[in-house]
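Residue-level structural notes
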Amino acid sequence: MVIETQGLTKRYGRVVAVEGLELRIEVGEVYGLLGPNGSGKTTTILMLLGLTEPSAGQVRVLGLDPVREPLSLKRQVGYLPDSVGFYGEMTAWENLSYIARLNGLPPALAKARMERVLERMGLAEVAHRPVGAFSRGMRQRLGLAEVLLKEPKVVILDEPTLGLDPEAAQEFLKMIQSLKSEGITVLLSSHLLHQVQAICDRVGLFHKGKLVLEGRVEELAQRVLGGAYRIRLEATPLNGLAERLQALPEVSRVQAEGQGLRLEATQDIRPQVAKAVLEAGAALQSLVLEQPSLDEVYARYFQEVRHAA
Amino acid sequence: MQRSSAPRRREGSPWTGLWAVFFKEMADHLSSTRMRILEVLILLSAVGAVYAGAQTLRQTISEDPFLLLRVFTAAQDPLPSFVAFLSFFLPLAAIALGFDAINGEYSRNTLSRILAQPIYRDALLWGKFLAGLATIALILLALFLLVVGLSLIFLGVPPSSEEVARALLFLLATLAYTGVWLGIALVTSVLFRSAATSALAAIAVWLFFALFWGIIAQLLAQAVAPFDPFNPESELRQTEALLAFSRLSPNTLYAEAIQALLNPGVRSLGPVLISQLEGALLGSPLPLGQSFLLAWPQLTGLIALTIGLFAVAYVLFQRREVRA
């Protein structure tokens with residue numbers, strides 16, 4: 001177990017930021033801490049690093065207590081904050097070398113590692129330019145370079161794709177995924193569910209300071225969406241088609257959506273649907289089985305919570 | 001997860017990473033534009049003051065055994081003395097170096113990144129404070145040597161060893177005085193999130209002591225020990241009360257300390273009664289040790305104030321949340 005918390009709670013005055021968190025993260029996992037802004041993700045991360053003190057509960061990261069043994073913990077854990085900032089008037093190289101000195105790396109080793117991480121993040125060519133002129137994407141990569149500088153066992157990334165354009169975000173996620181192959185445990189937080197869905201082994205969904213759902217993405221979909229198969233179809237004309245499809249025994253729900261229909265069924269019944277559409281004399285334009293997405297799981301879950309309340 | 005296995009005390013030294021922070025901050029200070037401006041200002045005023053002072057002293061060169069010390073304190077209208085210049089500019093220099101020490105890290109979003117490194121917050125605060133102090137010490141030393149060199153050129157009289165010792169003690173007092181202002185700037189930089197507010201607050205404190213404290217001290221002294229025209233003792237009491245109140249200001253402490261250190265003829269920093277002067281050889285200089293003793297309470301006061309202010313900044317900073 002790399003990260004383990006028991007009843008972790010943080011209160012700011014009367015506001016409860018994190019409540020009774022039970023988190024267990026295994027070696028080499030990529031774990032996604034997901035949830036809307038202000039749901040307690042960053043507070044949790046700060047407590048894991050010992051940057052803020054828990055109000056109650058226990059934390060162990062690599063078997064160390066962040067409050068009592070912060071130095072050996074922070075020597076092995078890399079952290080990339082959500083709005084990462086650098087000293088703008090210093091170059092990328094100088095920024096990294098400051099961090100290397102704070103980590104107490106001997107100069108020769110620091111130099112070798114800095115060259116390696118800058119090369120790996122594709123920043124070798126701009127290493128001697130002031131960071132003030134860097135784009136958001138470059139800063140983010142420099143941040144990851146800094147995290148890798150100490151050759152960490154655990155990497156904690158807070159909103160790593162925030163503010164990046166889709167292409168840069170994809171590229172950045174790929175870099176994060178490559179850490180997994182090196183045996184580094186990754187904990188990342190995000191509110192952009194669809195982006196991180198692809199790279200996370202397991203995810204935990206936060207809501208108002210509580211971890212409300214946890215598991216593999218497929219498992220969650222199964223649990224929350226009730227194992228339904230969703231089929232989207234487009235056809236013309238649509239008149240009367242809905243009733244006809246509703247009549248199929250496997251179909252549990254039909255909804256009009258834009259130019260087409262959305263079905264929920266207990267099985268993959270695409271052939272039957274196609275047949276029904278053609279029999280009704282309509283032209284079938286598309287027929288797709290939708291993969292369950294985390295966004296959907298999330299939206300559905302909170303819909304249910306709201307209904308229950 | 002056994003709680004018992006965790007050590008009771010926090011591990012490692014709070015000084016880990018101190019020197020990394022120190023050298024980084026000092027390099028920042030020495031290369032910053034704000035430092036250039038200060039250097040030019042201080043240099044110009046120092047050279048002007050020393051030149052004017054030396055001009056006055058040339059006429060009386062053979063009558064004074066403490067020529068170097070006179071160079072520091074001699075004023076010629078309209079220019080104030082070198083010491084007066086220093087006591088005016090150094091607080092500003094210290095505030096300029098310290099006002100954005102901590103809130104600058106917040107506004108650049110670098111604080112959480114730095115604190116995620118294996119160091120304690122102690123190292124960051126100490127490193128910044130010491131770097132500011134060292135930068136000022138560096139300027140002071142350069143300025144001091146410049147003044148000594150200039151006065152040698154203008155006056156052509158080498159200083160005695162006692163003069164050099166007194167001048168070095170004066171340097172120490174000046175550093176302690178600057179430390180107080182650096183401490184104030186550090187406290188405001190922790191208290192206020194905006195660098196502009198912090199600078200303004202520190203300058204307000206400076207203005208308060210430079211302009212208003214004298215008046216307030218007088219009012220307080222009058223209130224505490226009212227003057228009775230039929231009781232001569234009440235006058236003495238009022239004077240003592242005034243002195244006590246004005247000594248709450250670092251400016252007064254500094255002025256008194258350098259008065260005792262740079263003017264060997266000064267025998268007391270408070271009111272002197274005629275009876276106390278019995279048998280004294282008026283105008284004869286005190287030995288260095290006695291002058292130092294005279295300035296000792298003021299010196300320790302300044303150093304204590306510096307440490308106290310640093311402690312306040314330290315406590316405030318330790319309790320501050322990392323999140324902006």
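Residues numbered from 1 in each chain as written. Chains lettered and ligands numbered in written order. Predicted model: local features only at pLDDT ≥ 70, side-chain atom pairs only at ≥ 80, totals over all residues. Heavy atoms only, no water.

1. With respect to the pattern of salt bridges
Using the criterion set out here, one finds 25 salt bridges over all chains in the structure. With a closest N to O distance of 3.8 Å, E321(B) and K10(A) form a salt bridge. Here E321(B), found in the segment after α12 (288–319), pairs with K10(A), found in strand β1 (residues 3–12), and the two come from separate chains. E321(B) gets classed as partly exposed once you look at its relative accessible area, which sits at 26%. In this structure, the salt-bridge partner of E25(B) is K128(B), at a minimum N-O distance of 3.0 Å. With E25(B) in helix α1 (residues 18–31) and K128(B) in helix α7 (residues 121–155), this residue pair connects regions lying 103 residues apart in the sequence. Given the relative accessible area of 7%, K128(B) is considered buried. It is possible to trace a salt-bridge network through shared partners that takes in K24(B), E25(B), D28(B), E105(B) and K128(B). (Salt bridge = Lys/Arg side-chain N within 4 Å of Asp/Glu carboxyl O. Helix = DSSP H or I, 4+ residues; strand = E, 2+ residues; numbered from the N terminus. Buried < 20%, exposed > 50% of the residue type's maximum accessible area, 1.4 Å probe, protein only.)

2. Section: unusual backbone geometry
Residues and elements named next belong to chain A. Here the amide bond leading from T236 into P237 is cis, since omega sits at -10°, within 30 degrees of zero. With respect to the secondary-structure elements, P237 resides in the loop between β10 (229–236) and α9 (241–246). Here L62, not a glycine, exhibits a phi torsion of approximately 55°, which is positive. Relative to the assigned elements, L62 resides in the loop between β4 (56–61) and α2 (70–76). Since its relative accessible area comes to 26%, L62 is described here as partly exposed.

3. Here's the deal with the sheet that holds strand β6 (residues 154–158) of chain A
In any sheet, the strands associate via hydrogen bonds between backbone groups, in a parallel or an antiparallel arrangement. Residues and elements named next belong to chain A. As summarised here, the arrangement of the six strands in space is β5-β6-β7-β3-β8-β9, forming an open sheet in which the pairing is mixed. The sheet is open, and its two edges are formed by β5 (77–80) and β9 (210–215), each paired on a single side. Each strand axis lies, on average, 15° off the axis of its neighbour in the sheet, ignoring direction. When β5 meets β6, the two strands line up parallel, connected through four bridges. Residue pairing across strands places V77 opposite V154, the latter belonging to β6. (Pairing = 2+ DSSP bridges. Axes fitted to C-alpha atoms, helices over the stretch in contact; angles between N-to-C directions.)

4. Section: helix α6 (residues 166–180) of chain A
Between the first and last C-alpha of α6(A) there are 22 Å, a value that for 15 residues agrees with the 21 Å anticipated at 1.5 Å per step. Buried residues along α6(A) sit in contact with β5, α4 (107–120), α5 (136–149), β6, β7 (185–190) and α7 (193–197) of chain A. (Expected span 1.5 Å × (residues − 1). Contact = heavy atoms within 4.5 Å.)

5. Remarks on the packing of helix α4 (residues 82–98) of chain B against α7(B)
Residues and elements named next belong to chain B. Here α4 crosses α7 at 155°, and the two axes come no closer than 11 Å. Between α4 and α7, the crossing angle belongs to the class labelled roughly antiparallel. Seen along the crossing, α4 lies across α7 with a hand that is right-handed. For the pair formed by α4 and α7, the contact residues are F82, L86, L90, A93, A94 and L97 on the first element and G132, T135, I136, L140, L143 and V147 on the second. (Parallel < 35°, antiparallel > 145°, perpendicular 65-115°, else oblique. Left-handed = near helix turned anticlockwise from the far one by under 90°.)

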